[in-house]
Amino acid sequence: MPKELQLQKVRRQSNRKGELRLRAGVKWLLYSLFALTALLLQTTVLSGLRERIGIAPNLAIAVVVSAALYERTEAAALFGLCLGFFTDCAGNSGMSVMPLVCVTEVILCSALCGLFLNRNFTAWLLLQIAAYAADGLLTLISVTVVWKNFSFLSVLVDTVLPNFILSVFVSLLFYFPCRAAARLTARRGGGRLTVKEKG
């Protein structure tokens, strides 16, 4: 192969890598924008629900689960940790265990991702349900043990189940934007996301 053709091949590969890095940066910037939108909705618009009906959805989980579904576990866990700290800072309860919750849910969702062949809406919805169920279980434990409200059934019916149902439905707002962001650098397989991004 002539040196000129080899040089052109190396340039094309270099341009491709630079383009993928740029797309990856834009993708994480979009994930961050969606997370910020979720936090703004959660702390402004939807915070009135907590005063009226006693529950408010946790929208940060929707973006974290999307990152866990479409990205590598390490990158999604770091994103979840940062988002957990921002969620704590944006809330009115001070520092709590939200970073740990977000990282735990990323690990849970990444482990469950092995069960799914495609990264489609059904897989995303099942992971959302699993993550919000884990969040509900943590809420149930914290209310009954930490706050010493030992009325397990009333906490489950009055707080955990309505919050679970509301959170799953409101989290649907984030499926298509997060999927579009993931498609920026995903390998294509028949127009569907078939494997996790490796870089």
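In case you missed it, the structure is sitting above this.
What comes next concerns the included structure. (Residues numbered from 1 in each chain as written. Predicted model: local features only at pLDDT ≥ 70, side-chain atom pairs only at ≥ 80, totals over all residues. Heavy atoms only, no water.)

## Observations regarding helix 3 (residues 60-70)
Across the eleven residues that make up helix 3, a large majority, eleven, are buried. All of the buried residues along helix 3 are Ala-60, Ile-61, Ala-62, Val-63, Val-64, Val-65, Ser-66, Ala-67, Ala-68, Leu-69 and Tyr-70. (Buried < 20%, exposed > 50% of the residue type's maximum accessible area, 1.4 Å probe, protein only. Helix = DSSP H or I, 4+ residues; strand = E, 2+ residues; numbered from the N terminus.)

## Focus on the packing of helix 3 against helix 5 (residues 98-113)
The description of two packed helices rests on the angle between their axes and on the distance between the axes. For the pair helix 3 and helix 5, interaxial distance at closest approach is 9 Å and the crossing angle is 40°. Judged on the interaxial angle alone, helix 5 and helix 3 are oblique. In this structure, helix 3 meets helix 5 at a crossing whose hand is right-handed. In contact with Ala-60, Ile-61, Val-64, Val-65, Ala-68 and Leu-69 of helix 3, helix 5 contributes Met-98, Cys-102, Glu-105, Val-106, Cys-109, Ser-110 and Cys-113. Partitioned by chemical class, the residues of the contact of helix 3 with helix 5 number eleven nonpolar, one polar and one charged. (Axes fitted to C-alpha atoms, helices over the stretch in contact; angles between N-to-C directions. Parallel < 35°, antiparallel > 145°, perpendicular 65-115°, else oblique. Left-handed = near helix turned anticlockwise from the far one by under 90°. Contact = heavy atoms within 4.5 Å. Nonpolar A, V, L, I, M, F, W, Y, C, P; charged D, E, K, R; others polar.)

## Here we look at the packing of helix 3 against helix 6 (residues 121-146)
Running from N to C, helix 3 and helix 6 point in directions that differ by 130°, and their axes come no closer than 10 Å. In this view, helix 3 runs oblique relative to helix 6, as classed from their interaxial angle. The hand of the helix 3/helix 6 crossing is right-handed. Across the interface between the two elements, Ile-61, Ala-62, Val-65, Ser-66 and Leu-69 of helix 3 pack against Ala-123, Trp-124, Leu-127, Gln-128, Ala-131, Tyr-132 and Asp-135 of helix 6.

## Focus: the packing of aromatic side chains
The geometry of two aromatic rings is summed up by the distance between their centres and the angle between their planes. Summed over the entire model, instances satisfying the criterion amount to seven aromatic pairs. Taken together, a centroid distance of 5.1 Å and an interplanar angle of 65° make the contact between Trp-28 and Tyr-31 edge-to-face. One end of the pair is Trp-28 and the other is Tyr-31, both in helix 1 (residues 3-45) and three residues apart, which spans about a single turn. Judged by its relative accessible area of 22%, Trp-28 falls in the partly exposed class. When its relative accessible area of 0% is taken as the criterion, Tyr-31 is described as buried. Judged by centre distance (5.0 Å) and plane angle (80°), the rings of Phe-121 and Tyr-175 are edge-to-face. (Phe/Tyr/Trp six-rings, centres within 6.5 Å; stacked < 30°, edge-to-face > 60°.)

## Side note on the pattern of salt bridges
Side chains bearing opposite charge may pair, as long as their charged atoms lie close to each other. All told, the structure shown has two salt bridges when counted by the stated rule. A salt bridge links Arg-72 to Glu-74; its shortest N-O distance comes to 3.5 Å. (Salt bridge = Lys/Arg side-chain N within 4 Å of Asp/Glu carboxyl O.)

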